[in-house]
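As a plain string of letters, each chain reads:
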Amino acid sequence: MNAKLTKSRQRAICSELGRVRLQLLYKASVHGFTGAAFHQQCDHRSPTVSVGYNNSGFVFGGYTKQPFNQSGGFVNDDKAFLFTFTGEQLLKYPVTGPGNAVKMIGNSGPYFGEALVLVHGSKPVAYSSPGNYYNFTAAEMHGNDLNLTECEVYQVEESSELERPWRTIVWESEKRAGLIESIKSYKPTVSSVTQARVLLIGPVGAGKSSFFNSVNSVFRGHVTSQAISGSSSTSLTTQFRSYSVKAGREGKPLPIILCDTMGLEESKGAGLDIDDLNSILKGHLPDCYQFNPSAPLHPEAHGYHKSPRLKDKIHCVVYVIDSCKISIMPTGLEEKLDAIRRKVNLMGIPQLVLLTKVDEACPLVKEDVRNIYKSGYIKEMMQEVSSRLGVPLSCIIPVKNYSEELEVDTDCDILLLSAIIQMLRFVDNYFDELSDRMSNMQTKEACPASRPMTAGTDPNLLTWMMSDGASGRTGPQ
């Protein structure tokens, strides 16, 4: 059931009522142009906004904080008002006789005083009599056209929408195109590395595989499902996979590889093994390695990379967390994540958090993904993740993966692409830190005539960075 009232007009009405949102209860073209259908959908629900539409293009109606019923009498409401629109501008007509603000009539729709009735007498018409407890002119209100093409009633609900977005983001197709071009043209600062390797870690069902599929969909131009994903109590990913995203069906691989792992599980001996994780981070684990939670990969096993190069290692770790399950995260799982985070910190690998399924967690975001940084609820969840995982709020990125859609959406794409950009920035931080450490070592050991060395030009530096002990920076706290 789709609302006919535009988003801008909904916002205009809500601005008169405080921090609220409108939830559609009754739509005459769906439920019927009858008083019975209206009362079945709307009785005992409040506050409400009732809206009528006519062939002349007028959009008009009324607000009441009182719940509808079929008692036959008037009810008092000093906050009631009627309204109409001039373009997108709201014109408001406050009640002049609060004791007779709303009348409860069984065979009609919304009945405001004796001034305005929608679905009058169970017919697709309005009744209008200006001056009866509300002052307005008929021509201004509805253009003297009382035949209704539609009637809707919305319940007014409290909203977590903030007055201003707390992060700035541009929602334009040009922005999407710019993000895509930035990703395509990205080059790691180390010449021996052509693709940044980003490891996705998270609980079972959090959306790791779905994130790769969603990013892949952005560059394919339609929703795809290359990585196995879905709903299950155990991990659907049973192999270590390195996914390279292509710029289109026949396009070149992008300069980023998303590495997918078996999901984390609370119990011991289930899900991703910590020792296997260590092998992944250091670049020892081969692609398509079949996970065995009860036995980590042995150095003598077939395919084990005994001497991984810098290009084989993980350059950024991303924790994928289901926003709907933050508050019920088991203690054992939280402890596993903490142990992993400390291990990654010691290896000097930068870390991010992806907060998935934000549309399922917040109705405001489900209604419009552009509300992501206007949602006080989403911000509260991100603050809880920051506290429980010990990462700064600036390292937490909310996204909406594609799950039921068949075609891509510009706003969802912008969130997904922005997450990839942030990952690449963190990869740059990783290489910059290695370069800085090596430069400091060279300064201490080299003769005065030695010039500073850079990650992209000096083979000795690359050799040092390829060693397992090269990094020691502490990651996000």
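This text goes with the structure placed above it.
Residues numbered from 1 in each chain as written. Predicted model: local features only at pLDDT ≥ 70, side-chain atom pairs only at ≥ 80, totals over all residues. Heavy atoms only, no water.

Caption draft 1: Main features of unusual backbone geometry. Cis geometry marks the peptide bond from serine 46 to proline 47; its omega dihedral reads -15 degrees. Inspection of the secondary structure puts proline 47 in the loop between helix H3 (35-42) and strand S2 (48-54). Even without glycine at this site, valine 119 takes up a positive phi of about 55 degrees. (Helix = DSSP H or I, 4+ residues; strand = E, 2+ residues; numbered from the N terminus.)

Caption draft 2: Expanded view of the packing of aromatic side chains. Applying the stated criterion across every chain yields a total of 10 aromatic pairs. Through pairs of rings, three or more aromatic residues link up here, namely Tyr63, Phe81, Phe83 and Phe85. Here lysine 4 stacks its cationic end above the ring of tyrosine 53, 5.4 Å away from the centre of that ring. Geometry around phenylalanine 81 places lysine 92 over its ring, the cationic atom sitting 4.7 Å from the centre. (Phe/Tyr/Trp six-rings, centres within 6.5 Å; stacked < 30°, edge-to-face > 60°. Lys NZ or Arg CZ within 6 Å of the ring centre and 35° of its normal.)

Caption draft 3: Here's a closer look at the pattern of salt bridges. What the rule picks out here adds up to 18 salt bridges. Salt-bridge contacts for aspartate 411 lead to arginine 370; the nearest nitrogen and oxygen are separated by 3.1 Å. Pair noted here: aspartate 411 is in helix H12 (residues 410-445) and arginine 370 is in the loop between helix H10 (363-367) and helix H11 (376-389), with a separation of 41 residues, a long-range link. When its relative accessible area of 12% is taken as the criterion, aspartate 411 is described as buried. Residue class for arginine 370 comes out partly exposed when judged on its relative accessible area of 38%. (Salt bridge = Lys/Arg side-chain N within 4 Å of Asp/Glu carboxyl O. Buried < 20%, exposed > 50% of the residue type's maximum accessible area, 1.4 Å probe, protein only.)

Caption draft 4: Highlighting H3. Buried residues of H3: Gly35, Ala37, Phe38, His39 and Cys42, and no others. The inward-facing, buried residues of H3 abut strand S1 (20-27), helix H2 (28-31) and strand S11 (148-158). Count one or two residues on from H3 and you reach histidine 44, which has phi positive near 65 degrees. (Contact = heavy atoms within 4.5 Å.)

Caption draft 5: The arrangement of the sheet that holds S11 in detail. Read from one edge to the other, the open sheet built from 6 strands follows the order S1-S11-S2-S3-S5-S6, with strand pairing classed as antiparallel. In this open sheet, the two strands that pair with only one neighbour each are S1 and strand S6 (89-94). Each strand of the sheet is rotated relative to its neighbour by a mean of 25 degrees, with strand direction disregarded. Taken strand by strand, H3 contacts S1 and S11, and its axis lies near 140 degrees from that of S1. (Pairing = 2+ DSSP bridges. Axes fitted to C-alpha atoms, helices over the stretch in contact; angles between N-to-C directions.)

Caption draft 6: Expanded view of the nonpolar core. Leu199, Phe211 and Met423 are the most contacted members of the largest nonpolar core, which totals 88 residues. For this core, the element with the highest residue contribution is H12, accounting for 15 residues. For phenylalanine 211, the contacting residues outside a window of four places in its chain are Leu200, Leu258, Leu354, Val399, Asn401, Leu416, Ala419, Ile420 and Met423. Counting residues in hydrophobic clusters, the runner-up holds 30 residues, among them Val75, Tyr93, Leu116 and Leu118. (Core = buried A, V, L, I, M, F, W, Y, C linked by side-chain atoms within 4.5 Å.)

Caption draft 7: Local environment of the sheet that holds strand S15 (residues 289-290). Sheet architecture is open: 7 strands sit in the order S15-S13-S14-S12-S16-S17-S18, paired in mixed fashion. Of all strands in the sheet, those with a lone pairing partner are S15 and strand S18 (396-398), marking the two edges. Sheet topology note: the strand S13 (residues 239-246)/strand S14 (residues 253-260) ladder contains 5 bridges and is antiparallel. Among the inter-strand pairings, tyrosine 243 is bridged to a residue of S14, identified as leucine 258.

Caption draft 8: Examining the side chain of histidine 142 more closely. Assignment of secondary structure puts histidine 142 in helix H4 (residues 138-142). Take histidine 142: its relative accessible area is 1%, and that puts it in the buried class. A polar atom in the side chain of histidine 142 sits 3.1 Å from the backbone nitrogen of asparagine 144. The residues touching histidine 142, leaving out its near neighbours within four places in the chain, are Asn54, Phe58, Phe60 and Ser128. (Polar contact = N/O pair within 3.5 Å; in protein donor to acceptor, adjacent residues only side chain to side chain.)

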